[in-house]
Amino acid sequence: MSLWNDFNDAQSNSNVIPKGTLAKVRLTLRPGGYDDPSQGWTGGYAKRGSTGSVYLDAEYTVLEGPYAKRKIWSLIGLYSPNGPNWANMGRSLVRGILNSSRGLSDKDNSPEAQARRRINGFADLDGLEFVARIDVGTDTNGEDKNEIKSAVMPDHRDYAPVMGHVAVPGIAPQMQPSATSAPQHQAPAATSQAQGHPAPASQPQQKPAAPGFSGRPSWAE
């Protein structure tokens, strides 16, 4: 046992998950209180930064594996006054999340797949579970921090084991949602989508607006 007056041989306590790690995560949107119905931003989910940029404040909880219960905070861009890149990156990430969560190949452009890539509002994203590729970025202090910039699709060889689906050689994975795939606040429409059925046309009930977190995002220069 190490001596309590000599800590040279103590392990370093790093909070950063290695870059490129694949993990099953649950997305939780932390309300920011900003709405713009003309853009479809309702329910108080979006947040507007001091620079005028608009984004979703996303919290990802790792559900399984060696990093289970670890949380990652990252942003999903909706608008930037500097140009369309921020919003395009956000749209690409959301498309990937929907593909991963709902078992859709990114190459599937069938009417059914297109319908399942549509949402009625940001509430449909809140609580989705998918396979994320964990990245490493820097915070405002220049310290390493985990981020999520992409999702892993069902045609990736590691998708089925990470997502927890049953994989049989030569047969497509059985898309069986886990017991945690339908959060209690989620409307029945979102639950039916997770099980592979098209969503009804009715608008799901969104959560009331609530104050977002304080502090300047790392990308807001």
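In this report, we go over the structure that sits alongside the text.

Analysis parameters
- Residues numbered from 1 in each chain as written.
- Predicted model: local features only at pLDDT ≥ 70, side-chain atom pairs only at ≥ 80, totals over all residues.
- Heavy atoms only, no water.
- Helix = DSSP H or I, 4+ residues; strand = E, 2+ residues; numbered from the N terminus.
- Buried < 20%, exposed > 50% of the residue type's maximum accessible area, 1.4 Å probe, protein only.
- Pairing = 2+ DSSP bridges.
- Salt bridge = Lys/Arg side-chain N within 4 Å of Asp/Glu carboxyl O.

**Considering the environment of L63**
Note that L63 resides in the loop between β4 (54-62) and β5 (71-79). Under the relative-accessibility criterion, L63 is labelled partly exposed at 23%. Through-space distance from the C-alpha of L63 to that of M163 is 9.8 Å; in sequence the pair is 100 residues apart.

**Some points on the pairing of strand β1 (residues 22-30)**
Two faces, one strand: in a regular strand the side chains alternate between the faces of the sheet. Bridging between β1 and strand β6 (residues 129-138) involves five bridges; their strand directions are antiparallel. In the sheet register, L22 faces β6, and the bridge partner there is R133. Examined bridge by bridge, β1 and β4 share six bridges and lie antiparallel to one another. Each bridged residue has a counterpart across the sheet, and for R30 the counterpart in β4 is D57.

**Quick word on unusual backbone geometry**
A negative phi angle characterises most non-glycine residues, just as the trans form characterises most peptide bonds. A positive phi angle, near 80°, is found at K69, a position not held by glycine. Position of K69 among the secondary structure elements: in the loop between β4 and β5. Judged by its relative accessible area of 75%, K69 is exposed.

**Observations concerning the pattern of salt bridges**
Considering all chains together, one arrives at nine salt bridges under this definition. With a shortest N-O distance of 3.0 Å, D57 and R30 are connected by a salt bridge. With a gap of 27 residues between them, D57 in strand β4 and R30 in strand β1 connect regions that are remote in the sequence. On the accessibility criterion, D57 (3% relative accessible area) is buried.

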